[in-house]
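Single-letter residue listing:
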Amino acid sequence: MECHFHNASDASLQQSHMIRTLQEQLRLCTEQSKILIRETVAKNQQIQELEAAADRDSLTGLYNRRGAALELRRILGGFERQDYSVAGRVLHQLSVLVMDLNNFKAVNDRFGHAAGDQVLLIVSAYLQKAFRAEDIIIRNGGDEFVVYLINATQAGAAQRAERLAALLREDERLRFDDNIQVSISVGISHGSFFSSRGGLHIINDLEQLCDMAMCRAKNDSRESSGINIAPVIVFSDTAFGNL
């Protein structure tokens, strides 16, 4: 009987030891799983931050060309045509503005790149104030900016450009001396389209017209703000075989 008691006791101790071992292994696995989850979440967050940074201008936080193209495709993706017949189709509007700062180079040359960066930050803030939250505002490099206004009238785009020019004129931080006042030259173009592919097709033509209009505005206005509006493009998807 005594031998049987010892055998039972040993078995119980062995079983308890196995249970504790399994519990410890389970605890370690749980801890490792938590660590892996935290690391995965952190890496996903880093990836999202890197992707967001890749879509934005590092100085101003505005869209760069890559980010603008992705956002434009996302918005236009909601305009896919459901009905190929002419009747009942919605004609969407697209305004494009190309803007270039006047006297920006003089600020950089005389007061340094830090002063130039400050000018870009001020202008970027006013761009976000003058335009709608849904508009795509791009720093195109250097002192050039581009804005896409989807489903806005040409008159509405011109009014927003005028508001931006007025905001810049009124800001004393953009007046460096009697000879250097930062202002803006703006070219505006406007077109219409039915489908998302139509919108993507027309955008290059509108930007080219904008560039020419902006150059005319810069030549006409010299040192002050100027706005030039290009001819309107009326774009029909049916002209390109149901794009």
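Visitor: Could you clarify how one ought to interpret the overall build of the protein in this entry?
Guide: Looking only at helices and strands, the protein features 6 helices and 8 strands. When the elements of the protein are put in sequence order from the N terminus, they spell out α-α-β-α-α-β-β-α-β-β-β-α-β-β. Counting every position in the protein, which comprises 243 residues, the buried fraction comes to 42%. Taking the contacts inside the protein whose residues are at least 6 apart along the sequence as the reference set, 73% of them involve residues at least 24 apart. Put simply, the protein shows about 14100 Å² of open surface, and 54% of that area lies on carbon and sulfur atoms.

Visitor: Even after reading the chapter, I still don't get the nonpolar core, so can you show me in this structure?
Guide: One recurring pattern in soluble globular proteins is that nonpolar side chains are buried together. Residues Leu97, Met99, Leu101, Leu127, Phe131 and Leu164 are the most contacted members of the largest nonpolar core, which totals 33 residues. By residue number, the principal contributor to this core is helix α4 (residues 113-130), which donates 8 residues. Once residues lying within four places of it in the same chain are set aside, the contact partners of Met99 are Leu127, Asp143, Glu144, Phe145, Val147, Leu164, Ile184, Ser185 and Val186. By size, the runner-up hydrophobic cluster in this structure holds 19 residues, among which are Tyr63, Leu72, Ile202 and Ile203.

Visitor: Please clarify how the side chain of Thr60 should be interpreted in this entry.
Guide: One can find Thr60 in the loop between α1 (2-54) and α2 (65-76). By relative accessible area, which is 14% here, Thr60 ends up buried. Looking at Thr60, its side chain comes within polar contact range of the side chain of Asp57, at 2.7 Å. Here the side chain of Thr60 touches Leu62 through a polar contact of 3.2 Å, landing on its backbone nitrogen.

Visitor: Quick question: what am I supposed to make of the pattern of salt bridges here?
Guide: If the charged atoms of two oppositely charged side chains come close together, the side chains can form a pair. Throughout the structure, instances matching the rule amount to 12 salt bridges. A salt bridge links Lys105 to Asp109, with the nearest nitrogen and oxygen atoms 2.7 Å apart. With Lys105 and Asp109 both in helix α3 (residues 104-111) and 4 residues apart, this pair spans about one turn of that helix. A residue is classified by how much of its surface remains accessible, and Lys105, at 59% relative accessible area, is exposed. Three or more residues joined by partner-sharing salt bridges are found here, namely Arg132, Glu134 and Asp135.

Visitor: Sorry if this is basic, but what is going on with the side chain of Asp55 here?
Guide: Structurally, Asp55 can be placed in the loop between α1 and α2. Taking relative accessible area as the criterion, Asp55 reaches 17% and is therefore assigned buried. Ignoring sequence-local partners within four residues, the contact set of Asp55 consists of Leu62, Tyr63, Asn64, Arg66, Gly67 and Leu70.

Visitor: Whenever I open this one, α2 confuses me. Can you help?
Guide: An α-helix turns once per 3.6 residues; consequently, residues spaced three or four apart project the same way. Helix length check: α2 (12 residues) gives 16 Å between terminal C-alpha atoms against 16 Å at 1.5 Å per residue, within 8%. Listed as buried for α2 are Gly67, Ala68, Glu71, Leu72, Ile75 and Leu76. All buried residues of α2 fall inside an arc of 155° around its axis, so they share one side. Exposed side chains of α2 directed beyond 90 degrees from the buried face belong to Arg73 and Arg74. Here α2 starts with a cap whose side-chain oxygen sits 3.2 Å from the backbone nitrogen of Arg66, and that cap is Asn64.

Visitor: Even after reading the chapter, I still don't get the packing of α3 against α4, so can you show me in this structure?
Guide: How two helices sit against one another is set out by the angle between their axes and by the gap between those axes. Look at α3 against α4: their axes get within 7 Å of each other, and the N-to-C directions meet at 145°. Residues Phe104, Val107, Asn108 and Phe111 of α3 touch α4, and the partners they reach there are His113, Ala115, Gly116, Val119 and Leu120. Taken together, the residues of the contact of α3 with α4 sort by class into 6 nonpolar, 3 polar and no charged.

Visitor: Just to check I follow, could you spell out the environment of Phe104 for this structure?
Guide: On the secondary structure map, Phe104 appears in helix α3. Taking the C-alpha atoms as reference, Phe104 lies 8.8 Å from Gln181; in sequence the two are 77 residues apart.

Visitor: Explain the confidence of the model for the protein to me, please; I cannot follow it from the model alone.
Guide: Low-pLDDT portions of the prediction should not be read for the details of their coordinates. In the predicted model, the protein carries a mean pLDDT of 82, and the fraction of residues at 70 or more is 79%. Of all secondary-structure elements in the protein, the lowest mean pLDDT belongs to strand β8 (residues 233-234), at 58, while α4 reaches the highest, 96. Taken together, the stretch residues 81-86 has pLDDT below 50 and engages in 8 contacts with residues farther than four places along the chain or on a different chain.

Visitor: Sorry if this is basic, but what is going on with unusual backbone geometry here?
Guide: Glycine aside, residues mostly have negative phi angles, and peptide bonds mostly take the trans form. We note that Asn103 has phi near 75°; this positive angle belongs to a residue other than glycine. Here Asn103 lies in the loop between β1 (92-102) and α3. We note that Asn151 has phi near 55°; this positive angle belongs to a residue other than glycine. Relative to the helices and strands, Asn151 is located in the loop between β3 (144-150) and α5 (154-170).

Cut-offs used in this document
Residues numbered from 1 in each chain as written. Predicted model: local features only at pLDDT ≥ 70, side-chain atom pairs only at ≥ 80, totals over all residues. Heavy atoms only, no water. Helix = DSSP H or I, 4+ residues; strand = E, 2+ residues; numbered from the N terminus. Buried < 20%, exposed > 50% of the residue type's maximum accessible area, 1.4 Å probe, protein only. Contact = heavy atoms within 4.5 Å. Areas by Shrake-Rupley, 256 points an atom, 1.4 Å probe, with all protein chains shown as cover. Core = buried A, V, L, I, M, F, W, Y, C linked by side-chain atoms within 4.5 Å. Polar contact = N/O pair within 3.5 Å; in protein donor to acceptor, adjacent residues only side chain to side chain. Salt bridge = Lys/Arg side-chain N within 4 Å of Asp/Glu carboxyl O. Expected span 1.5 Å × (residues − 1). Arc of directions from axis to C-beta. Axes fitted to C-alpha atoms, helices over the stretch in contact; angles between N-to-C directions. Nonpolar A, V, L, I, M, F, W, Y, C, P; charged D, E, K, R; others polar. pLDDT = per-residue confidence, 0-100.

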